Amino acid sequence: MLSLLIPGLILVHLIFAPYTKVEESFNIQAAHDILVYGTPTSDVNYRLSTSYDHFTFPGAVPRTFIGAVLLAGLSQPYIALAGFHHGQLIVRAVLGLFNAASILFFASNIRRAYGTATARWYLLLQASQFHIIFYASRTLPNMFAFGLTTFAFGFLVPSPHPKQVSRRNRLAITLFVFAAAVFRSEVAILLGTTILYQLLIPTTSLGLVIPPFIVSFLVALAISIPVDSYFWQKPLWPELWGFYFNAIQGSSSEWGVSPWYYYFVSALPRLLLNPLCYVLLLPLSLYHPATRPAASRLVIPSLLFVAIYSLQPHKEARFIFYVVPPLTAACALSANLIFNRIFSPKKGLKASNGLGSYILAMALIVSILASFVVSTGMLLISSLNYPGGEALTFLRDTVLQSEGISSIASQQSTSSAVVIPAHADVLSCMTGVTLFGTATGSTIPNHRGSTTRSGSVVRSDIRNSNDNGAAISSTDAVVTLSLDKTEDELTLSQPDFWTRFDYALAEDPSKVRKGGESEWEIIGVVKGFGGVEVITDGRQQEEERDTNGTGAVIPVVGNGLAVERLKGLVMELTKGRWIGPRMVPKVYIMKRIKEGRRDRERGSAEA
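Residue indices follow the written sequence of each chain, beginning from 1 at its first position. The model is predicted, so local features are restricted to residues of pLDDT at least 70 and side-chain atom pairs to those at 80 or more, both for listing and for counting; the totals for chains, interfaces and linings are taken over all residues. Hydrogens and water are ignored here; the side-chain numbers use all heavy atoms of the structure.

**Side note on empty space enclosed by the protein**
To find the voids left in a structure, one rolls a probe of water-molecule size over its atoms. Of the two site types, the cavity is a set of points on a 1 Å grid over the protein atoms alone where a 1.4 Å probe fits but cannot get out, and the pocket is an open set with protein on both sides within 12 Å along at least five of seven lines, each lined by residues with an atom within 4 Å of a point. Grid points are joined across faces, edges and corners, and a volume is the space filled by probe spheres set on the points. All chains considered together, the criterion is met by four cavities of 30 Å³ or more. For the largest cavity, the calculated volume is near 140 Å³. Taken together, 15 residues form the lining of the largest cavity, with Phe-153, Leu-156, Gln-198, Arg-297 and Leu-298 sitting closest to its centre. Put simply, the parts of the chain that give the lining of the largest cavity at least two residues each are helix 8 (141-156), helix 10 (187-200) and helix 15 (292-309). Each helix is a run of H or I in the DSSP string that is no shorter than four residues. Each strand is a run of E no shorter than two, and both are numbered from the N terminus.

Here it is, written out as structure tokens:
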């Protein structure tokens, strides 16, 4: 049953936080484009450059398409069954289950090498952590590499069959090399520290290391260079560009720098979460003679990797995700050691040990339960950090409800679809807006030009029949949402720019309203996490009101509405007391008032 805990929790985290941040955008947009546009074989440059998102938003460095191609290919049959409006969830679920499989593979090798009880402690400690479970389904390059490195660590766990050691080492090296060459170049450092330790033990030799290294490296290049050169339409090895950008030019420092000790004093404690892991369990596993040999194999290469990578000025916790499984396994060794002092599987509780052993064992159990509670709280708070995704979901539902019926009536005699143009600002795009979020139908859309209500031609999600030529639902065929993500401030300041859109997602409504003679109304606001608030005097937060002169109350939508309802209930039951998330306005959903409606409203006001 514990084996089901890992994939189950990963899917729970996915459901509670289904949206993505900007760091994940490349792969999720790429998977969308592969599913929608396919891989053209003629007019390739034109068709890719005019449709694929990465030509408009290439990012700081080019990234590989290998992960996106695999996710799109594996997800496509499930999307066909469940519907394209679930596409993003399915794509992320595939990645999450891949990483879950790697963790379970690692756990199974821990069980064979060190016993069932140790594997159970590992699964409990791993499941009670937040970051790995939360990020397992997130389309970061690190999480594609994470699965490969975790499988590799599984192969490096000692096997009870000595004849398999050489083959398992070769497989581990192959996976490390492929992960480094295709997804994240820093894995090469982890490979180096792992090989160095194995040479010193020794459990391998250079003669056994070099052949799988060369073969895997050449295979990785043979896959990455042709595939990525095709999608980027230029000769390219993405990870070489990334290594040059980050390590040689040091350009990653533009995103911030941290002191050399950041990983050890901040990132690792947060990743392991349970304070007993780094205060007691890790030191004990390295100190005690019974666990020292096994723990050293798991800990020393990992911490040496972290130490070397600490020389890089720009640091993020996700850069060292790879060492969490082996470090957690080392903690499991000493957790099992502690519990064995007071409990025997055959005889039950042992009465001969002192009170201190019982207290230590109980503290271990309580710490794991507390970690689960803290991890759950972190998930709930993290789910409030995606206002862009929530705003786009509300906008999509609004378009389908308010525009769908009129569009069906007006388009019955034609085969064209009405495109509803909308603009999303930078904050919205950074906090959850993706192309998957614009899907208004259940089928995988075909993109082709169509006429918007303003007369301009845009790319849009249009499919008037399925692959067999049969008509699809009216919602799929008649109305679609086309999203603009213009960032240029000069363009945004032009009055005529805003006349192109029916809707807008904006952090600052005044930037939308200053454009031309168009009038806009706010139809909703998404609130996001703004810290923790403590209320003891019963005061309620004032309702958000529109500043368009009407003073109308702006309805709160998304998770913020659920928090407000919970807050009201708690304050009613506790006589005005509340401790919980403080929700602040993040993204406003705005609708342009059409001429006919504006004239009617003015006429009614004058009457």
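**Quick notes on the sheet that holds strand 10 (residues 578-593)**
Ordered in space as 6-3-7-10-8-9, the six strands form an open sheet in which the pairing is mixed. Either end of the sheet is taken by a strand with one partner, and the two such strands are strand 6 (479-484) and strand 9 (556-557). The sheet contact formed by strand 8 (residues 519-535) and strand 10 spans 14 bridges and is antiparallel. Of the residues in strand 10, the one forming a bridge with Val-526 is Val-587. Between any two strands, pairing holds if DSSP finds at least two bridges.

**Here we look at the environment of Ala-100**
Inspection of the secondary structure puts Ala-100 in helix 5 (residues 87-114). Here Ala-100 falls in the buried class, since its relative accessible area comes to 1%. Note: C-alpha distance between Ala-100 and Ser-137 (37 residues apart in sequence) is 9.2 Å. Any two residues whose heavy atoms approach within 4.5 Å at even a single point are treated as in contact. Beyond its immediate stretch of four places on either side in the chain, Ala-100 contacts Ile-6, Pro-7 and Ile-10. When a residue's accessible area, from a 1.4 Å probe over protein chains only, is under 20% of the maximum for its type it is buried; when over 50% it is exposed; and in between it is partly exposed.

**Describing the pattern of salt bridges**
What makes a salt bridge here is a side-chain nitrogen of Lys or Arg within 4 Å of a carboxyl oxygen of Asp or Glu, nothing more. Enumeration according to the criterion identifies eight salt bridges in this entry. Across the salt bridge formed by Glu-186 and Arg-184, the nearest N and O atoms sit 2.9 Å from each other. The exposure class of Arg-184 is buried, given its relative accessible area of 6%. Residue Lys-527 is joined to Glu-564 by a salt bridge in which the shortest nitrogen-to-oxygen separation is 3.1 Å. Of this pair, Lys-527 sits in strand 8 while Glu-564 is found in helix 23 (residues 559-573), placing the two residues 37 residues apart along the sequence. The class for Lys-527 is buried, based on a relative accessible area of 3%.

**Topic: the pairing of strand 7 (residues 503-506)**
Side-chain alternation along strand 7 places Tyr-503 and Leu-505 on one buried face and Ala-504 and Ala-506 on a second face that is also buried. Sheet topology places strand 3 (residues 418-424) next to strand 7; three bridges connect them, and they run parallel. Bridge pairing in strand 7 places Ala-422 opposite Tyr-503. As paired elements, strand 7 and strand 10 share four bridges and run antiparallel to each other.

**A closer look at the environment of Thr-486**
Examined against the element boundaries, Thr-486 turns out to sit in the loop between strand 6 and helix 21 (489-492). Sequence-wise, Thr-486 and His-423 are 63 residues apart; in three dimensions their C-alpha atoms are separated by 7.6 Å. Contacts described as polar in this section are N or O atom pairs within 3.5 Å, which, within protein, must combine one atom able to donate a hydrogen with one able to accept it, while residues neighboring in sequence count only if both atoms come from side chains. Among the polar contacts made by the side chain of Thr-486, one reaches the side chain of Asp-484 at a distance of 2.9 Å.

**Some details on the confidence of the model for the chain**
pLDDT gives the predictor's per-residue confidence on a scale running from 0 to 100. Averaged over all residues, the pLDDT of the chain is 86; the fraction at 70 or higher stands at 85%. Of the regions scoring below 50 in pLDDT, residues 448-477 engages in 76 contacts with residues more than four places distant in sequence or in other chains.

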